[in-house]
Amino acid sequence: MREVELTRRSLAALASVLTADQWAACAAAVTRARKTLAGRVIWNINATATGGGVAEILQTLLGYFLDAGVDARWLVLDGNADFFAVTKRLHNAIHGFGDPGELGASAHAAYWRTLKGNAADLLFQVRPDDLVMLHDPQTAGLVEPLRRAGVRVAWRSHIGRDTPNEQSVSGWEFLRRYMQDADALVFSRPQHAPEWAPVGRIRVIPPSIDPLDAKNRLMTTSERIRVLGEAGLLTINGGPISPVVQGAPPPTPAARLVVQVSRWDRLKDMPGVMRGFADANLPADVHLMLAGPAVGGVPDDPEGAKVLDECLADWQLLPTAARNRISLVSVPMDDLLKNATIINAVQGYADVVTQKSLAEGFGLTVTEAMWKRRPVIGTAVGGIQDQITDGQDGLLIEDPTDLGAFAKSLRRLFREPDLAHELGHAAHRRVLANYLDDRHLASTVDLLSYLLGAS
Ligand code: UDP
């Protein structure tokens, strides 16, 4: 296992963006944390230090825990290609996709082989008084070894499906033996818990973003243009096209922009975004940019390169007029601060942000865009429907495969700029009230206190 270095984040600075009531609740949680967690280490374990929502959450939330005086630490497990192939299958199954038959005995063997080695490593470091939070299916096999050693453990799933299907049931069946006895089972929405999960141990905690992080801090338009120009995502004064851009050359600052930021994952339906955009018949100055991490930059996501290739093949099949207005960008992951700054700039610069996922755990990209006062078109899946109230602080597509409805929403936002403006401002207020790290810190302190009370 590898420890990820955490950076302390200032709660006093966070207070500056909160309302007085929010700060009072957060400060009370900090006081509770200092009292109840003194002398213990709070271990967080997941499968990757970079890329994807969980890595985002841990980096920021644990930074605030450090400032609260809590000894929070973050470990990333070691896994090989077989292990990550199984866990990607599990990820897809829990979202309701893939072939459930692939999760048989050999998958269990590959899964457990990796986690057995990690458990030995972990038990070397964790003491019985510590508390452990395990994140996502990759870590579920660590529950039992920890509990046998007398350590209290919460297992948190950042993914789930709103209504079970054959695949999701088999995904949960695979995990059941590993995680069912955790002291707490945490989900982003109540609907995500498998039906056999013991109700008394279920906790619901939606994720959050850090408003002061490089990903979400306020940027001026000129800074956004400068960042995007330097990264090769906007064409300024001609010059060669950056190798990070495929498909159409990047637009000039005169263009209006539709953006989707996602990992290259089939469930994010980047091809559907392209087809819906091509069908929408938008004004000629509107450009679509699909932005994802440079493939290979997210170690626990082995399908990224294949999915990007599939997107490029789909792009080739579009009519020329649409092809000329659609760019696919692989944002470098070698410098995470730079990556976050580019994502911030592209989300904030967009006229419209989409998240046309076929399935979604929570959808932090939606939260990030809403915080930046962008009008977001999301599909009514997973946590996207908790974040967006249709017509109030964004637009929701009921059926995620309905490209006609998606195209219509795009047209609507370009035809009705006042609506787009109002949705964006309401979106910011919604995130301020519900999805910033102050609320997440308080609910995590409650969870840890609950664990301390668990036998
Ligand atoms: N992200 C990023 N760089 C990229 C693409 C995505 O930092 O090139 C981030 C994105 O800003 C968000 C997270 O990855 O914070 C994705 O989280 P989300 O909950 O939307 O989806 P997940 O990837 O966890 O399924």
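Residues numbered from 1 in each chain as written. Predicted model: local features only at pLDDT ≥ 70, side-chain atom pairs only at ≥ 80, totals over all residues. Heavy atoms only, no water.

S.K.: Even after reading the chapter, I still don't get the site of the ligand, so can you show me in this structure?
M.R.: With respect to spatial proximity, 16 residues lie near the ligand, and among them Gly53, Arg263, Lys268, Leu364 and Glu368 are the closest. Interatomic distance of 2.6 Å between a side-chain N/O atom of Arg263 and an oxygen atom of the ligand. For the ligand, whose accessible area on its own is 540 Å², the fraction buried by protein is 91%. Mapped onto the shell around the ligand, the elements with two or more residues apiece are helix H3 (53–67), strand S10 (286–293), helix H12 (336–349) and helix H13 (364–371). With three residues, H13 is the single largest residue contributor to the shell around the ligand. Tallied by class, the residues present in the shell around the ligand amount to four nonpolar, six polar and six charged. (Near = heavy atom within 4 Å. Polar contact = N/O pair within 3.5 Å; in protein donor to acceptor, adjacent residues only side chain to side chain. Areas by Shrake-Rupley, 256 points an atom, 1.4 Å probe, with all protein chains shown as cover. Helix = DSSP H or I, 4+ residues; strand = E, 2+ residues; numbered from the N terminus. Nonpolar A, V, L, I, M, F, W, Y, C, P; charged D, E, K, R; others polar.)

S.K.: I tried to follow the environment of Ser168 on my own but got confused; where do I start?
M.R.: Here Ser168 is to be found in helix H7 (residues 166–179). On the accessibility criterion, Ser168 (2% relative accessible area) is buried. Between the C-alpha atoms of Ser168 and Phe97, which are 71 residues apart in sequence, the distance is 7.5 Å. (Buried < 20%, exposed > 50% of the residue type's maximum accessible area, 1.4 Å probe, protein only.)

S.K.: Would you mind showing me how to read unusual backbone geometry here?
M.R.: Most peptide bonds take the trans configuration, and most residues that are not glycine carry a negative phi. Positive phi outside glycine occurs at Asn237, with the angle close to 60°. The topology assignment puts Asn237 in the loop between helix H8 (221–231) and strand S8 (245–247). Judged by its relative accessible area of 78%, Asn237 falls in the exposed class. Notably, Arg373 is not glycine yet its phi reads approximately 65°, a positive angle. On the secondary structure map, Arg373 appears in the loop between H13 and strand S13 (376–379). On the basis of relative accessible area, Arg373 is assigned to the partly exposed category, the value being 32%.

S.K.: Sorry, what's going on with H13 here?
M.R.: A turn of α-helix holds 3.6 residues, and therefore any two residues three or four places apart point the same way. With respect to burial, H13 is a largely interior element, eight of its eight residues being buried. All of the buried residues in H13 are Leu364, Thr365, Val366, Thr367, Glu368, Ala369, Met370 and Trp371. Once H13 ends, the next one or two residues include Arg373, with phi positive near 65°.

S.K.: It is not clear to me how the nonpolar core should be interpreted in this structure. Could you clarify?
M.R.: Taken as a class, soluble globular proteins show a tendency for nonpolar side chains to be buried jointly. Core analysis: the biggest nonpolar cluster contains 78 residues, and Phe65, Trp74, Leu233 and Leu441 have the highest contact counts within it. For this core, the leading source of residues is H3, giving eight residues. Sequence-distant contacts of Phe65, defined by excluding residues within four places in its chain, comprise Val70, Ala72, Leu441, Thr444, Val445 and Leu448. Ile94, Leu142, Val151 and Ala197 belong to the second-largest nonpolar core, a separate cluster that totals 42 residues. (Core = buried A, V, L, I, M, F, W, Y, C linked by side-chain atoms within 4.5 Å. Contact = heavy atoms within 4.5 Å.)

S.K.: Got a minute to help me understand the packing of helix H2 (residues 20–37) against helix H17 (residues 437–453) in this structure?
M.R.: When two helices pack together, their arrangement is given by the angle between the helix axes and the distance between those axes. Remark: H2 packs on H17, axes separated minimally by 9 Å, with the N-to-C direction vectors making an angle of 30°. With respect to their mutual orientation, H2 and H17 come out roughly parallel. Crossing geometry of H2 relative to H17 is assigned as left-handed. Touching Gln22, Cys26, Ala29, Val30, Arg32, Ala33, Thr36 and Leu37 of H2 are Asp438, Leu441, Ala442, Val445, Asp446, Leu448, Ser449 and Leu452, all from H17. (Axes fitted to C-alpha atoms, helices over the stretch in contact; angles between N-to-C directions. Parallel < 35°, antiparallel > 145°, perpendicular 65-115°, else oblique. Left-handed = near helix turned anticlockwise from the far one by under 90°.)

S.K.: Got a minute to help me understand the environment of Lys116 in this structure?
M.R.: Considering the arrangement of structural elements, one finds Lys116 in helix H5 (residues 105–123). For Lys116, a relative accessible area of 52% puts it in the exposed group. Residues Lys116 and Pro145 lie 29 residues apart in sequence; the distance between their C-alpha atoms is 8.4 Å.

S.K.: Looking at this structure, I do not really get the packing of helix H4 (residues 81–94) against H5. What am I missing?
M.R.: Look at H4 against H5: their axes get within 9 Å of each other, and the N-to-C directions meet at 120°. Considering the angle they form, H4 stands oblique to H5. Between H4 and H5 lies a crossing whose hand is left-handed. Seen from H4, the contacting residues are Asp82, Phe83, Val86, Thr87, Arg89 and Leu90; seen from H5, they are Ala107, Ala110, Tyr111, Thr114 and Leu115. Here the contact of H4 with H5 is built from residues that sort into seven nonpolar, two polar and two charged.

S.K.: Sorry if this is basic, but what is going on with the pairing of strand S6 (residues 184–187) here?
M.R.: The side chains of a regular strand alternate between the sheet's two faces. Going residue by residue along S6, you find Ala184 and Val186 tucked away on one face and Leu185 and Phe187 tucked away on the opposite face as well. Across four bridges, the pairing between strand S5 (residues 152–157) and S6 is parallel. Bridge pairing in S6 links Ala154 to Ala184. Once the chain exits S5 it traverses H7 before rejoining the sheet at S6, and the crossover so formed is right-handed. Where S6 and strand S7 (residues 202–204) come together, three bridges link them in parallel fashion. Paired with Phe187 across the two strands is Val204, which belongs to S7. (Pairing = 2+ DSSP bridges. Right-handed = clockwise from strand over helix to strand, strands pointing away.)

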